[in-house]
There are 2 protein chains.
Amino acid sequence: MKYSSTLLNNAVEVLSELPSIGKKSALRLVLHLLKNDNDLAYRISDNLTKLKKEIKQCEKCFNYSDHKLCEICKDTSRIADTVCVVESIRDVMAIEETNQFRGLYHVLGGVISPIEGIGPDQLYIDELIDRVEKEKVRELIMAVSPTIDGETTIFYLSRRLESTGVKLSIIARGVSFGGELEYADELTLGRSIHTRIPYTAESKL
Amino acid sequence: MKYSSTLLNNAVEVLSELPSIGKKSALRLVLHLLKNDNDLAYRISDNLTKLKKEIKQCEKCFNYSDHKLCEICKDTSRIADTVCVVESIRDVMAIEETNQFRGLYHVLGGVISPIEGIGPDQLYIDELIDRVEKEKVRELIMAVSPTIDGETTIFYLSRRLESTGVKLSIIARGVSFGGELEYADELTLGRSIHTRIPYTAESKL
């Protein structure tokens, strides 16, 4: 055993199983929890146990949720006929942070990736088709990563959705606001010229 | 609420109370715990609760311990008459890592610091004096940080221990092995010339 206490040792071991937390960081965290005369260790324990036991997936959009339907799907003030298709729950969070989207989401749970052996069956694609057919979805916004796997997924979805008549759109790709042109990668810069849009008052930052 | 789930939100909040873990890192950790079909969240909860409830301080050296006496103090193969005086439990760990010391420890719990309002009464100094008097300690090795507060503490201890006749020594300070002289700070370099030692076969790395 490395430390004078098995309890300490065990706590360090389990914390260092977390991503990006090594033994030294774990030890620092444990010593912090021990040093402070507060209940943080108990609160962490309680919240993690409760989280793991009680969290659900939203039946509609597959976001994490406390109930059958998540807070976003339940929110009647949101535009229900516009659905943003994302890979993961983190993307929902990222888009929500922008405050620029008032529609609903659909979390695929990943992208089609032949290399990693992820096929359409492992994603919530059937559920998306079902949703489009049953819920009068007017527009699907594809907000999937602009990678080969992402493009493949969008192409696959477009074929599957052809018969539904839903409007498909894709989030704009191009040079970042605030970025300098000379540092943009060639592909992005080249494509951004190709897919240029008319200048209007709205184009301004 | 920031996320679609209160459970998720609460877990992120408590984890981000840990030092050097911000909201984004906490979210990443929580998503990792949710994503993996394992019991890591439960094991973390169990171990932290157990740690906080059951951990003790060694009655002799004030290191963390599972029992009344820590594993180091209980180890009869260690040299009981040589005690290394350190500020914190982390220093014990650092010295144990070196495998160069086979004596016992005494954790002061800090150093005397007038600026931070820490006086001798808040440290385990009386307990150290007591230990020296009762346990036939032959040598005390001061392994306290070479800072002003550290030096003050060593000076204070030397005065308090004068009457006991215990041998006091201090860990060597000088340029680091593997470091380049030109990058050593002036004070360290200057003092290392002042406190130079005769060259022997043992001086080699």
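Residues numbered from 1 in each chain as written. Chains lettered and ligands numbered in written order. Predicted model: local features only at pLDDT ≥ 70, side-chain atom pairs only at ≥ 80, totals over all residues. Heavy atoms only, no water.

1. Some points on helix α3 (residues 40–54) of chain B
Helical geometry note: an α-helix holds 3.6 residues per turn, so side chains three or four residues apart project in the same direction. In a regular helix each residue adds 1.5 Å, so 15 residues correspond to 21 Å; α3 of chain B covers 21 Å between its end C-alpha atoms and thus fits that length. Every buried residue of α3 of chain B is accounted for by Leu40, Ala41, Ile44, Ser45, Asn47, Leu48, Leu51 and Lys52 of chain B. Buried positions along α3 of chain B lie against α1 (6–15), α2 (23–35) and α3 (40–54) of chain A together with α2 (23–35) of chain B. (Helix = DSSP H or I, 4+ residues; strand = E, 2+ residues; numbered from the N terminus. Expected span 1.5 Å × (residues − 1). Buried < 20%, exposed > 50% of the residue type's maximum accessible area, 1.4 Å probe, protein only. Contact = heavy atoms within 4.5 Å.)

2. Regarding the pattern of salt bridges
Residue and element names in this part refer to chain B. Counted according to the given criterion, the structure contains 30 salt bridges over all chains. Note that Lys50 is salt-bridged to Glu54, the shortest N-O span being 3.4 Å. Taken together, the positions of Lys50 and Glu54, both in helix α3 and four residues apart, correspond to about one turn of that helix. Judged by relative accessible area, which is 37%, Glu54 ranks as partly exposed. (Salt bridge = Lys/Arg side-chain N within 4 Å of Asp/Glu carboxyl O.)

3. Some thoughts on the domain arrangement of chain A
Domain assignment breaks chain A into domain 1 (6–54) and domain 2 (57–204). The centre of domain 1 of chain A, based on its C-alpha atoms, is set 36 Å off from the matching centre of domain 2 of chain A. (Domains from an automatic or database assignment.)

4. Quick word on the nonpolar core
In this structure, Leu8, Ile44 and Leu140 of chain A together with Leu8, Ile44 and Leu140 of chain B are the most contacted members of the largest nonpolar core, which totals 117 residues. Setting aside residues no more than four positions away along its own chain, Leu140 of chain B makes contact with Val83, Val85, Leu128, Val132, Leu161, Val166, Lys167, Leu168 and Ser169 of chain B. (Core = buried A, V, L, I, M, F, W, Y, C linked by side-chain atoms within 4.5 Å.)

5. Here's the deal with the relation of the copies chain A and chain B
Rotating chain A by 180° and translating it 0.0 Å along the rotation axis places it on chain B, where the RMSD comes to 0.0 Å. Taken together, these values place the two copies in the relation of a two-fold axis. Relative to the rotation axis, the C-alpha of Ser45 of chain A is the closest in chain A, positioned 1.9 Å from it. The overlap is high: 100% of the interface residues of chain A also sit at the interface in chain B, so the same surface is used on both sides. (Least-squares fit on C-alpha atoms with pLDDT ≥ 70 in both.)

6. A short note on unusual backbone geometry
All names here are of chain B. One non-glycine residue with positive phi stands out, namely Ser20, at about 65°. Position of Ser20 relative to the elements: it lies in the loop between α1 (6–15) and α2. Residue Ser20 is classed as exposed on the basis of its relative accessible area, which comes to 60%. Although it is not a glycine, Lys136 sits at a positive phi angle of roughly 50°. Within the secondary structure layout, Lys136 lies in the loop between α6 (125–134) and β5 (139–142).

7. Focus on the side chain of Glu139 of chain B
Residues and elements named next belong to chain B. One can find Glu139 in strand β5. The class of Glu139 is buried, set by a relative accessible area of 12%. A polar contact is formed between the side chain of Glu139 and the side chain of Ser169, at a distance of 2.6 Å. Ignoring sequence-local partners within four residues, the contact set of Glu139 consists of Asp81, Thr82, Val83, Val166, Lys167 and Ser169. (Polar contact = N/O pair within 3.5 Å; in protein donor to acceptor, adjacent residues only side chain to side chain.)

8. Some words on the sheet that holds strand β3 (residues 79–86) of chain A
All names here are of chain A. As summarised here, the arrangement of the four strands in space is β4-β3-β5-β6, forming an open sheet in which the pairing is parallel. Only two strands of the sheet have a single partner each, and these edge strands are β4 (103–107) and β6 (167–170). Strand after strand, the sheet turns through a mean of 30° between neighbouring axes, direction not considered. Across five bridges, the pairing between β3 and β4 is parallel. Looking at the pairing, Val86 lines up with Val107 of β4. Of the strands in this sheet, β3 and β4 touch helix α5 (residues 89–98), which is tilted by about 160° from β4. In the packing of helix α6 (residues 125–134) onto the sheet, the strands contacted are β3, β4 and β5 (139–142), and the crossing angle to β4 comes to about 150°. (Pairing = 2+ DSSP bridges. Axes fitted to C-alpha atoms, helices over the stretch in contact; angles between N-to-C directions.)

9. Observations regarding the pairing of strand β6 (residues 167–170) of chain B
All names here are of chain B. By the bridge criterion, four bridges tie β5 to β6 in an arrangement that is parallel. Pairing of Ile141 across the sheet is with Ser169, part of β6. Taken together, β5, helix α7 (residues 148–161) and β6 form a β-α-β motif whose crossover is right-handed. (Right-handed = clockwise from strand over helix to strand, strands pointing away.)

10. A short note on the sheet that holds strand β4 (residues 103–107) of chain B
Residue and element names in this part refer to chain B. Sheet architecture is open: four strands sit in the order β4-β3-β5-β6, paired in parallel fashion. Edge positions in the open sheet fall to β4 and β6, since each of these has one partner strand only. Going across the sheet, the axis of each strand differs from the next one's by a mean of 30°, ignoring polarity. Taken strand by strand, α6 contacts β3 (79–86), β4 and β5, and its axis lies near 150° from that of β4. Where α7 meets the sheet, its contacts fall on β3, β5 and β6, and the angle it forms with β5 comes to roughly 165°.

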